[in-house]
Amino acid sequence: EYDELSRRIESITNLFYIVIFPFLITAWFFILAGILHLVMLIFGWNKEKFEATFRLIAYSEGPSFFAIVPFIGSLVSMIWQLVLVVIGIREIHRVGTGKAILIVSLPLLVFCLCCCSFISVIIGMTGLVD
């Protein structure tokens, strides 16, 4: 009886993931495109509308397929995606390669700084470091 209940819960969970996953991926594309487009707006480097940036992010997700390869697939996929985004920003928004790399790396840098600050605050609050 417990085994049957476990299979039913697993089936419902899998169905939930199948239904909700496309919406989560689409939301992630919007968030990522929004962040990159915001960086371009701040510096005045956006030459196209948000739709072009969103298409760029969606197309750059193609190499995610290689993540199914064990061990190295995810790394290859991530690097290829970053290269595609840099090339796409350079071509679509007509900026130099250096600016395109800055547009892509700036949100990553800010995220890392925020994480380090958060960890420092947590460590400071615990009193582990005198």
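The text that follows walks through the structure, step by step, so that each part is easy to find.

Rules used throughout
- Residues numbered from 1 in each chain as written.
- Predicted model: local features only at pLDDT ≥ 70, side-chain atom pairs only at ≥ 80, totals over all residues.
- Heavy atoms only, no water.
- Helix = DSSP H or I, 4+ residues; strand = E, 2+ residues; numbered from the N terminus.
- Buried < 20%, exposed > 50% of the residue type's maximum accessible area, 1.4 Å probe, protein only.
- Expected span 1.5 Å × (residues − 1).
- Bend = angle between axes of the 7 residues up to and from the residue.
- Contact = heavy atoms within 4.5 Å.
- Phe/Tyr/Trp six-rings, centres within 6.5 Å; stacked < 30°, edge-to-face > 60°.

## A closer look at unusual backbone geometry
It is generally the case that most residues other than glycine have a negative phi and that most peptide bonds are trans.
At step 1: Even without being a glycine, F71 presents a positive backbone phi close to 70°.
At step 2: In this structure, F71 sits in the loop between α2 (50–60) and α3 (73–92).
At step 3: Using a relative accessible area of 87% as the deciding quantity, one classes F71 as exposed.
At step 4: The residue R94 is not glycine, and still its phi comes out positive at about 50°.
At step 5: The class for R94 is exposed, based on a relative accessible area of 52%.

## Observations concerning helix α4 (residues 97–126)
At step 1: Counted at 1.5 Å a residue, the expected span for α4 with its 30 residues is 44 Å, and the 44 Å between its end C-alpha atoms agrees.
At step 2: The sharpest bend along α4 reaches about 30° and sits at S105, with the proline P107 one to four residues further on.
At step 3: Taken residue by residue, α4 has A100, I103 and V104 as its buried positions.
At step 4: Along its buried surface, α4 packs onto α1 (2–43) and α3.
At step 5: Directly beyond the C-terminal end of α4, a positive phi value near 75° is found at G127.

## Topic: the packing of aromatic side chains
At step 1: According to the stated counting rule, one finds eight aromatic pairs in the structure shown.
At step 2: Their ring planes at 70° and their centres at 6.1 Å tell us that F65 and F66 sit as a pair that is edge-to-face.
At step 3: Overall, the relative accessible area of 58% leaves F65 in the exposed class.
At step 4: We classify F66 as partly exposed; its relative accessible area is 34%.

## Things to note about α1
At step 1: Here α1 contains 42 residues, and its C-alpha end-to-end distance of 59 Å stays within 8% of the 62 Å for a straight helix at 1.5 Å per residue.
At step 2: Among the residues of α1, F29, A33, L36, H37, V39 and M40 are the ones counted as buried.
At step 3: Against α2, α3 and α4 lie the buried residues of α1.
At step 4: Trailing α1 by a residue or two, G44 shows a phi angle of about 75°, which is positive.

As far as function goes, none of this settles anything; it's purely spatial.
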